[in-house]
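Now for the letters of each chain:
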Protein chains: 2
Amino acid sequence: MNKKNNQHIEKHLKSSAFITDVVIGMSDGLTVPFALAAGLSGAVHSNVVIITAGIAEIVAGSIAMGLGGYLAGKTEQEHYQAELKREYDEIETIPEEEKREVKMVFAEYGLNEHFQTMIADELAKDKEKWVDFMMKYELGLEEPDVNRARNSAATIGISYIVGGLIPLSGYFFTQTPYQGLTISAILTVVCLFLFGYFKSKVTGQPPVRGAAKVTLIGIAAATAAFMVAKIFNTMF
Amino acid sequence: MNKKNNQHIEKHLKSSAFITDVVIGMSDGLTVPFALAAGLSGAVHSNVVIITAGIAEIVAGSIAMGLGGYLAGKTEQEHYQAELKREYDEIETIPEEEKREVKMVFAEYGLNEHFQTMIADELAKDKEKWVDFMMKYELGLEEPDVNRARNSAATIGISYIVGGLIPLSGYFFTQTPYQGLTISAILTVVCLFLFGYFKSKVTGQPPVRGAAKVTLIGIAAATAAFMVAKIFNTMF
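What comes next is a walk through the structure. (Residues numbered from 1 in each chain as written. Chains lettered and ligands numbered in written order. Predicted model: local features only at pLDDT ≥ 70, side-chain atom pairs only at ≥ 80, totals over all residues. Heavy atoms only, no water.)

Take the relation of the copies chain A and chain B next. Under the fitted operation, chain A is carried onto chain B by 0.0 Å of movement along the axis and a turn of 180°, and the coordinates agree to an RMSD of 0.1 Å. Put plainly, the chains are arranged around a two-fold axis. Comparing interface residues between copies, 100% of those in chain A also sit at the interface in chain B, which points to an isologous, same-surface contact. (Least-squares fit on C-alpha atoms with pLDDT ≥ 70 in both. Contact = heavy atoms within 4.5 Å.)

Printed below as a string of C-alpha cells:
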C-alpha cells in the first residue's frame with residue numbers, strides 16, 4: 001500500500017476524526033467569543049455584561065453549529081438514500097441510458113467508443129457495483145455515515161463551548177473590561193496559534209502557516225469588533 | 001442532456017452560486033445574532049448594550065466566516081496545485097505504480113485484470129487526462145476556483161451582516177429589551193422560515209422541511225441562550 005492510500009485510510013479512523021472535530025470546534029469557539037468580548041470591552045463597563053454576552057454567544061453558537069451540523073448530516077444521508085433508490089430504479093427501467101452515462105464518464109478521458117462500451121457492459125454485470133459506480137463517479141456522492149454526523153456534531157458543539165470559555169476566562173478574575181481584555185487577548189492568541197497549528201496538522205495543511213492564518217483571523221475579527229462597537233457606543 | 005446533468009451544470013452557474021451564498025450567509029447571520037440578543041434580553045436592561053453586543057457579534061462573525069472562508073479556499077487551491085504537481089512527477093518517475101493505481105480503481109468495481117490493464121494503458125496515452133483522472137478518481141479532488149472562493153467569502157460575509165441586522169432591528173425602535181425581543185423574535189422567525197425555504201431550494205433539499213429545520217435551530221439556540229444568560233445573571 002502506498003503513502004497516499006495510507007493517508008486516505010488514516011483520515012477515516014475514528015480517533016483521528018474525533019480529534020479533528022475537537023480541534024475544529026475549539027479553534028472556531030476561540031474566535032467569535034473572543035472577538036465579541038473584545039468588542040464589548042471597548043463599549044461597556046461591566047465584566048458581568050461581557051461574560052453574560054459571551055456565554056449567550058457560546059450557547060447560541062454551539063447549538064447552531066452542533067444541531068445545524070447534525071441536521072445537515074441527516075439531510076445528506078436522506079439525499080444519498082433517495083439518489084441511491086433512483087439509480088437502482090433507473091438501471092432497471094432505462095439501462096441503456098445508464099450505460100450511456102457510464103460511457104460519458106470515460107469519454108471525458110479520451111477513451112474511445114469501443115473501450116467505453118466494454119467498460120459499461122462489464123460494469124453492468126454486477127448491479128450493486130454498477131450503482132456504486134454511478135453514485136461515486138457520475139453523481140460524486142459518497143455514502144454518508146449518519147452516526148459519524150451525530151457524533152461529529154456533538155463533539156464540535158462541546159468543543160466550541162470549551163474553546164469559547166478560554167477568552168471569557170480573562171474576564172472572570174479581573175475587575176475591569178480592559179484588564180479582562182488584556183488577559184483574554186494573551187490567552188486567546190496563544191491558544192489560537194496552538195489550535196491553528198493542530199487544526200492544520202490534522203487537516204493536512206502546512207502547520208505554521210495554518211496557525212498564522214487562524215491567529216490572524218481571530219485578531220482581525222477582535223480588532224474590527226472592538227472598533228465598530230466603540231464607534232457605535234460613542235454615538236449613543 | 002438528461003435532467004441530472006442539467007442540475008449539475010446549473011449548480012455551477014455564477015448567478016446560482018451567488019444566490020446560494022447570499023441565502024446561506026443571511027440564514028446563518030439571522031441565527032446567532034438573534035440568539036445572542038435574545039439571551040441578553042433576559043439578562044440586561046439596556047437596548048444599547050444588546051445592540052452593541054449584536055453589532056460586535058455581526059462584525060466578528062462576518063470576518064470569521066468571510067476571511068476564514070477565503071483563506072480556506074486559498075489553502076484548498078494550494079493543496080490541489082501541490083497534489084497536481086506530485087501526480088505529474090509520479091507519472092514520469094513511477095509510471096508503473098501510477099498505472100497500478102488506475103487499475104485498483106477499476107478492480108474495486110469487479111473489472112478483471114485484462115480490462116484494468118487495457119484502461120490503464122489507454123489512459124496513459126494522454127498525460128494530461130491521465131493526471132486528471134488520478135486527481136478526480138484516486139484522490140477525489142476537483143480543481144477549486146480561487147476567484148469563486150474569494151467572491152463566495154465576500155458574499156457570505158456581507159450577507160451575514162445583512163441577515164444579522166434583521167434580529168437587531170427589533171431593538172432599534174423599542175424602549176426595553178423585552179419589547180425588542182418580541183419584535184425581534186417575530187421578524188426573525190418569519191425570515192428564518194423564508195430563508196430556510198430558499199436555502200433548501202438552492203441546495204436541493206425539500207424546502208418546507210428545510211425551512212422548519214432552520215427555524216427550529218434558530219428558536220432552540222435563542223431559547224437556550226436566553227435561559228442560560230438569565231440563570232448566569234441571577235447568580236451575580
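On to the side chain of A:Gln77. Counting through the fold element by element, A:Gln77 comes out in helix H3 (residues 47–93). We classify A:Gln77 as buried; its relative accessible area is 16%. (Helix = DSSP H or I, 4+ residues; strand = E, 2+ residues; numbered from the N terminus. Buried < 20%, exposed > 50% of the residue type's maximum accessible area, 1.4 Å probe, protein only.)

Our next topic: helix H8 (residues 177–202) of chain A. All names here are of chain A. Between the first and last C-alpha of H8 there are 35 Å, a value that for 26 residues agrees with the 38 Å anticipated at 1.5 Å per step. When we look at burial in H8, the residues that qualify are Pro-177, Gly-180, Leu-181, Ser-184, Thr-188, Cys-191, Leu-192, Phe-195, Gly-196 and Ser-200. Where H8 ends, the next residue or the one after it, Gly-204, has phi of about 75°, a positive value. (Expected span 1.5 Å × (residues − 1).)

Taken residue by residue, the interface counts 68 residues in chain A and 68 residues in chain B. Here chain A and chain B share an interface that buries about 5900 Å² over both sides, 70% of which is from carbon and sulfur atoms. The tally of links between chain A and chain B comes to 2 salt bridges. Between A:Arg209 and B:Glu78 there is a salt bridge; the shortest N-O distance is 3.3 Å. (Buried area = accessible area lost by both parts, 1.4 Å probe. Salt bridge = Lys/Arg side-chain N within 4 Å of Asp/Glu carboxyl O.)

It is worth spelling out empty space enclosed by the protein at this point. Within the structure shown, the criterion is met by 1 cavity of 30 Å³ or more. Counted as a void, the largest cavity has a volume near 40 Å³. What lines the largest cavity is simply A:Thr75, A:Glu78, B:Gln205, B:Pro206, B:Arg209, B:Gly210 and B:Lys213. Of all the secondary-structure elements, those providing two or more residues to the lining of the largest cavity are H3 of chain A together with helix H9 (207–235) of chain B. (1 Å grid on protein atoms, 1.4 Å probe; cavity = no way out; pocket = protein on both sides within 12 Å on 5 of 7 lines; lining within 4 Å. Points joined across faces, edges and corners; volume = space filled by probe spheres on them.)

What follows concerns helix H3 (residues 47–93) of chain B. Spanning 47 residues, H3(B) covers 67 Å between terminal C-alpha atoms, matching the ideal 69 Å at 1.5 Å per step. You can read the cap of H3(B) off the contacts: a side-chain oxygen lies 3.2 Å from the backbone nitrogen of B:Val48, and it is on B:Ser46. (Polar contact = N/O pair within 3.5 Å; in protein donor to acceptor, adjacent residues only side chain to side chain.)

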